[in-house]
Structures are given as structure tokens and as C-alpha cells.
Amino acid sequence: MISRRNFLINSSVAAASALLVPSFVFAADTKRVVGLQLYSLRDELPKDVKGTIAKIAKAGFKEVETYGFSIKDQFWGLTPKEFKALLDAHGLKAPSGHYGLGTYLSDGNTTELKAAIAAAKILKSEYVTIPWLDSGIRKNADDYKKIAARINEAGKMCKAAGIRLAYHNHNFEFDKQGDTTGYEILLKGTDKKLVDFELDLYWVVRSGNDPLKLFKENPGRFTMWHVKDMDKANPALNAEVGTGSINFKPIFAQAKLSGMKHFFVEHETNYKPNPMASVAASCAYIKKEII
């Protein structure tokens, strides 16, 4: 995968679950808006921040999730205050941001965490979200236990600042670690009062797991989702939402059980015909068919 480190099939959902709660209940109960993880436009955004943000708003998105913040370059040359003003000008909110906390997670240095919290506060975000774990710090179950403890400490810092910490998964967390998995260790080892989870639905399904099962076993923990579809011919590729193999309707029908407050379209590969058109198509489908 293009290094999120630096920038920082069919769904296994049972078809019968679609009958439990009609998808329209989701829209009626929550009046959810469609968000976009800005990493989807990682090639365009650094070249033209203002123009790309304008296109995102025009495509129908109301929320964004940031990525790529650095202490040196901030948000692609814009300070958090300037970036917030840009979002405001286009009617966009940023309830969450992906912040690279690799140094903190590996050695406990809080410099990048403090900078992330400060930026998130200026953006009026609800969450600082951990997007990735470097492979060197997640080799075994004990490593995951150490990570969980450190995430709890970060959660305390976030809480003191009036925001929450969240963790975003890929598929490696679902690899077996003895008789458990890294993801189970993180879920059980983190304090519900301090740490939420952003469930990437594509990676859950691709790893062979069932989002609905996770909701039932951990109700209320998954306050954010990433919504990207899986190419029918090649599961390693993404597809515009509604054109792939994941059935999102029964998943959205269980949004309340999940605890979901925000969701973000994300597209990482296989854009047709181009990144902006792909995310716009996903947004349109979700608005028409799901919410």
C-alpha cells in the first residue's frame, strides 16, 4: 500500500441480516452525512489544496477526515487555522484526522501526539485517529499489549484536551497471535472510556471477518467507519461503492449497534476513471441507495 506510514468476495455478512432492520431506518434515525478520507485524493491534494477541497464540497461531501499532517509542513503548507478557514468556506467539517503517531507508539515520545492534539483542536475535530502500526512494533501478542497500553495513555491525553482517540485498522490486525488476534488484544486492552475504533469495512471483509459479528461482540465501540468497496474480480483492488462485492446495506442497518457517528468514503486503488470521479460516484451511490 502507498505508504500511509509516511503520510502518515463477497461480504461475509449473512444475507438474512438485511431483513432485520431496513436500511431506510438508518437515514431516518441518524440523518447522516457522507464524509471523505482525504487520503483518497493524495495525488491531487498536495498540488492544489484549495481547488481540491472545492471539488470535494461540490461532489456532495459534508465532512472530511484529514491525513498527512506534519509539524514541519502542517496541512500541505497551510496551518491548521488556515486549513480550518478553507473547510469553513466550503461548508465542510473535519470530525476526525489521521495523525502519524509512530514515534509515540514505538518509544513514548509525545511530541507528535501533542502536535496532533493541538491541530485537531483548531479544526474542532472530535477525534485524533491512529492510522497505522509500523511492522516493527507489532510482531507478537506482547507487542500488541504494549501498544494497547500506550494507546490508553494517548487516550488520556486526548480526553484531557476534550477530544477522543480512535484506532483505524487494516487487515494485519486480524492475523493470529497465539489463540487470539492483534485486533482482539486492542479491543480488550483499551479503555472504552478513552478509546474508540474506526472500522475499515473493506479490510475487515478482506481479512475474512464479519463487521456485524464485530458489532454484536463489541457494541458501541466502532464510532467511525471507512467505506470502500472490493473489486469483484480482484479483491486486492478497490471499487466505487455499489459496484463491488461488499453489501453495505445490512451493515448500515446496524449503525446504531456499531455506535457509528461518522463514516468516510475512502478509495486507495483502481480509480475509474480518476480519483475525483471515483469518490464522487461513491458519494452519489451512498446518498441514493443507502442513506
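In this numbering scheme, every chain counts its residues from 1 along its sequence in written order. With pLDDT at 70 or above as the cut-off, local features in this predicted model cover only qualifying residues; side-chain atom pairs require 80 or more to be listed or tallied, and sums for whole chains, interfaces and linings still use all residues. The side-chain figures draw on all heavy atoms in the structure; neither hydrogens nor water molecules are used.

**Comments concerning the overall build of the protein chain**
Only DSSP runs of H or I covering at least 4 residues are called helices, and only runs of E covering at least 2 are called strands; the numbering of each starts at the N terminus. A count of helices and strands for the protein chain gives twelve helices and twelve strands. Partly exposed describes any residue whose relative accessible area lies between the buried limit of under 20% and the exposed limit of over 50%, with all areas from a 1.4 Å probe on protein chains only and scaled to the type maximum. The burial tally for the protein chain puts 54% of its 291 residues in the buried class.

**Some thoughts on the layout of surface pockets**
Put plainly, a pocket is an open set of points on a 1 Å grid over the protein atoms alone with protein on both sides within 12 Å along at least five of seven lines, a cavity is a set where a 1.4 Å probe fits but cannot get out, and a lining residue has an atom within 4 Å of a point. Grid points are joined across faces, edges and corners, and a volume is the space filled by probe spheres set on the points. Roughly 220 Å³ of volume is contained in the largest pocket. Around the largest pocket, the lining residues are Phe174, Thr181, Tyr183, Glu184, Leu187, Lys188, Asn209, Asp210, Lys213, Leu214, Glu217 and Asn218. Mapped onto the lining of the largest pocket, the elements with two or more residues apiece are helix 7 (182-189) and helix 9 (211-217). When residues in the lining of the largest pocket are grouped by element, the largest group, four residues, is from helix 7. Here the term charged refers only to Asp, Glu, Lys and Arg, the term nonpolar to Ala, Val, Leu, Ile, Met, Phe, Trp, Tyr, Cys and Pro, and the term polar to all other amino acids, Gly among them. Here the residues of the lining of the largest pocket are counted per class, giving four nonpolar, three polar and five charged.

**Quick word on the environment of Thr110**
As for its placement among the helices and strands, Thr110 is situated in the loop between helix 4 (102-107) and helix 5 (111-122). Classification of Thr110 by relative accessible area gives partly exposed; the value is 23%. In the structure, Thr110 is positioned 44 residues away from Ala154 in sequence and 8.6 Å away in space, judged by C-alpha atoms. In this structure Thr110 touches Tyr104 and Met157, once residues within four positions along its chain are discounted. Note on definitions: a residue-residue contact is assigned when non-hydrogen atoms from the two residues lie within 4.5 Å.

**Observations regarding the pairing of strand 4 (residues 127-130)**
The side chains of a regular strand alternate, first on one face of the sheet and then on the other. Judged by which residues are buried, strand 4 turns out to be covered on both faces: Tyr127 and Thr129 on one side and Val128 and Ile130 on the other are all buried. For two strands to be treated as a pair, DSSP must find at least two bridges joining them. Where strand 3 (residues 93-98) meets strand 4, three bridges bridge the pair, whose relative direction is parallel. Paired with Gly97 across the two strands is Val128, which belongs to strand 4. Sheet topology note: the strand 4/strand 5 (residues 164-168) ladder contains four bridges and is parallel. Its bridge partner being in strand 5, Thr129 is matched across the sheet by Ala166.

**Overview of the pairing of strand 8 (residues 195-200)**
For strand 8, a buried count of six out of six residues is recorded, marking the element as mostly surrounded by other parts of the structure. The alternating pattern of strand 8 places Val195, Phe197 and Leu199 and Asp196, Glu198 and Asp200 on opposite faces, both of which are buried. With three bridges connecting them, strand 8 and strand 9 (residues 224-227) associate as parallel partners. From the neighbouring strand, Glu198 faces strand 9, where its bridge partner is Met224.

**Quick word on the side chain of Arg42**
With respect to the secondary-structure elements, Arg42 resides in the loop between strand 1 (35-37) and helix 2 (49-58). Residues scored as positive are Lys and Arg, those scored as negative are Asp and Glu, and His as well as the terminal groups of each chain are ignored. Any carboxyl oxygen of Asp or Glu that lies within 4 Å of a side-chain nitrogen of Lys or Arg is treated as forming a salt bridge with it. Salt bridges are absent for the buried Arg42, whose nearest opposite-charge side chain, Asp43, sits at 5.1 Å. Here a polar contact is recorded for every N or O atom pair within 3.5 Å, except that within protein the pair must consist of a potential hydrogen donor and a potential acceptor, and residues adjacent in sequence are included only if both atoms are side-chain atoms. A polar contact of 2.6 Å, which involves the side chain of Arg42, links it to the backbone oxygen of Glu268. Polar contacts involving the side chain of Arg42 include one to the side chain of Tyr271, which spans 3.3 Å.

**Some remarks on the nonpolar core**
Buried Ala, Val, Leu, Ile, Met, Phe, Trp, Tyr and Cys residues form a nonpolar core when they are joined through side-chain atoms within 4.5 Å. Among the nonpolar cores identified, the biggest contains 84 residues, and Leu38, Ile53, Ile56, Phe83, Tyr99, Val128 and Trp225 are the most heavily contacted of them. Sort the elements by how many residues they give to this core and helix 6 (residues 141-160) lands first, with seven residues.

**What to know about helix 2**
What helix 2 keeps buried is the set Val49, Thr52, Ile53 and Ile56. Take helix 2 and look down its axis: the buried residues cluster within an arc of 100 degrees, on one side only. Turned more than 90 degrees away from the buried face of helix 2, the exposed residues are Lys50, Lys55 and Lys58. Contacts made by the buried residues of helix 2 are with strand 1, strand 2 (63-66), helix 3 (80-89) and helix 12 (275-290). What the arc measures is the spread of directions leading from the helix axis to the C-beta atoms.

**Focus on the packing of aromatic side chains**
Pairing of aromatic rings covers Phe, Tyr and Trp, the last through its six-membered ring, and needs centres within 6.5 Å; plane angles under 30 degrees mean stacked, over 60 mean edge-to-face, and all others mean tilted. The full count for this structure, using the stated rule, is 17 aromatic pairs. Measuring from ring centre to ring centre gives 5.9 Å for Phe75 and Trp76, while their planes differ by 50 degrees; the resulting arrangement is tilted. The buried category is assigned to Trp76, whose relative accessible area is 16%. Taking 5.7 Å as the distance between ring centres and 65 degrees as the angle between the ring planes, the aromatic pair formed by Trp76 and Phe83 counts as edge-to-face. Across the pair, exposure class does not vary: Trp76 and Phe83 are buried alike.

**Digging into the sheet that holds strand 1**
Strand order around the closed barrel formed by eight strands is 1-2-3-4-5-8-9-12, with parallel pairing between neighbours. Neighbour to neighbour, the strand axes of the sheet diverge by 30 degrees on average, direction disregarded. In this sheet, strand 8 lies alongside strand 5 in parallel orientation, the contact comprising four bridges. Residue pairing for strand 8: His168 is matched across the bridge by Glu198. Every axis in this analysis is a line fitted to C-alpha atoms, fitted for helices over the stretch in contact. Angles between the N-to-C directions lie between 0 and 180 degrees.

**With respect to the pattern of salt bridges**
Pairing between side chains becomes possible if they bear opposite charge and their charged atoms approach one another. On inspection of all chains with the given rule, the structure shows eight salt bridges. Here Lys156 makes a salt bridge to Glu153, at a shortest N to O gap of 3.2 Å. Taken together, the residues Lys156 and Glu153, both in helix 6 and three residues apart, mark about one turn of the helix. Taking the shortest distance from any N to any O, the salt bridge between Glu266 and Lys228 comes out at 2.8 Å. With a gap of 38 residues between them, Glu266 in the loop between strand 12 (262-265) and helix 12 and Lys228 in the loop between strand 9 and strand 10 (229-230) connect regions that are remote in the sequence.

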